[in-house]
Amino acid sequence: MTHRILFVCLGNICRSPAAEGVFRAGTPHHVTDSAGTSGWHIGDPPYEPMQQAARARGFDLSDLRARQFEPADFDRFDLIIAMDDNNLNDIEALRPRENETPVRLFTDFAPQTGADHVPDPYYTRDFDGALDLIEAAADGLIAHLKG
Ligand code: 4NP
């Protein structure tokens, strides 16, 4: 079954494009996109240090461009994945009446990591730590979808 999955973070230049890039590399069968709760980087490619860290692991993010999350995304996708609680709350604030699309934290799919969010590498500068979590959560999500 083909799923439509949207990955969301704050800027849409670090965590969510990396999550989309890692996820689509692991399973090409689904429709994917990413978005930011902010409009700060609309049209920008992923942040160069994140692209470099991802490329070193074999993930090419260069085709991705930032856009802002919008209420219509609740109808376009059947699963929305947030990187942290702020993203999740900002997404939920835009939910249309009667829409029931699930919004989940990405780290829910990697309980073995003990993490309850993906820390923002734009601030922490730990791009590899973010990618470690993203790879674990992408594997867990893929397993969940195969369920
Ligand atoms: P992201 O990281 O949410 O993982 O894309 C950020 C990137 C840029 C900014 C904040 C977070 N910013 O403030 O420009």
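Quick caveat, the model's predicted, so the values are computed rather than measured. Residue numbers run consecutively from 1 along every chain, following the written order of its sequence. In keeping with the model being predicted, local features are shown solely for residues with a pLDDT of at least 70 and side-chain atom pairs are shown and tallied solely at 80 or more, while totals for entire chains, interfaces and linings include all residues. As a convention, hydrogens and water are excluded, and side-chain values are obtained from all of the structure's heavy atoms.

**Considerations on the pattern of salt bridges**
Salt bridges, as used here, are contacts in which a Lys or Arg side-chain nitrogen is within 4 Å of a carboxyl oxygen on Asp or Glu. The full count for this structure, using the stated rule, is 14 salt bridges. R104 is paired through a salt bridge with D108; the nearest N and O atoms lie 3.4 Å apart. Relative accessibility under 20% of the residue-type maximum defines a buried residue, over 50% an exposed one, and the middle range a partly exposed one, all with a 1.4 Å probe and only protein chains included. Looking at R104, the relative accessible area reads 31%, which means it is partly exposed. A relative accessible area of 39% means that D108 is categorised as partly exposed. A network of salt bridges, in which partner residues are shared, links D33, R67, E70, D73 and R76.

**A closer look at the site of the ligand**
The ligand sits among C9, L10, G11, N12, I13, C14, R15, W40, H41, D120, Y122 and Y123. Two N or O atoms count as a polar contact when they lie within 3.5 Å, although within protein this holds only if one can serve as hydrogen donor and the other as acceptor, and sequence-adjacent residues are included solely when both atoms are side-chain atoms. Here an oxygen atom of the ligand and a backbone polar atom of N12 are 3.2 Å apart. A distance of 2.9 Å separates an oxygen atom of the ligand from a polar side-chain atom of D120. Its free accessible area being 360 Å², the ligand has 93% of it covered by the protein chains. Any residue outside Ala, Val, Leu, Ile, Met, Phe, Trp, Tyr, Cys, Pro, Asp, Glu, Lys and Arg is labelled polar, Gly included; the first ten of those are nonpolar and the last four are charged. When the residues that make up the shell around the ligand are grouped by side-chain class, the tally is seven nonpolar, three polar and two charged. Proximity is defined per residue: any heavy atom of the residue falling within 4 Å of a molecule or strand makes that residue near it. In this description, accessible areas are obtained by the Shrake-Rupley approach with a 1.4 Å probe, and a residue is regarded as covered only by the protein chains that are shown.

**Quick word on the sheet that holds strand β4 (residues 103–105)**
Spatially, four strands are ordered β2-β1-β3-β4 in an open sheet, and the strand pairing comes out parallel. Every interior strand has two partners, whereas the edge strands, β2 (31–36) and β4, have only one. Recorded for the sheet is a direction-independent mean angle of 25 degrees between the axes of neighbouring strands. Two strands pair when backbone bridges link them, and strand β3 (residues 79–82) and β4 are joined in this way by three bridges, in the parallel orientation. Should DSSP find at least two bridges between two strands, the strands are taken to pair. Numbering goes from the N terminus for both helices and strands, where a helix is a DSSP run of H or I of at least four residues and a strand is a run of E of at least two. Structural elements are reduced to axes, namely lines fitted to C-alpha atoms, with helices fitted over the stretch in contact, and the angle between N-to-C directions of any two is expressed from 0 to 180 degrees.

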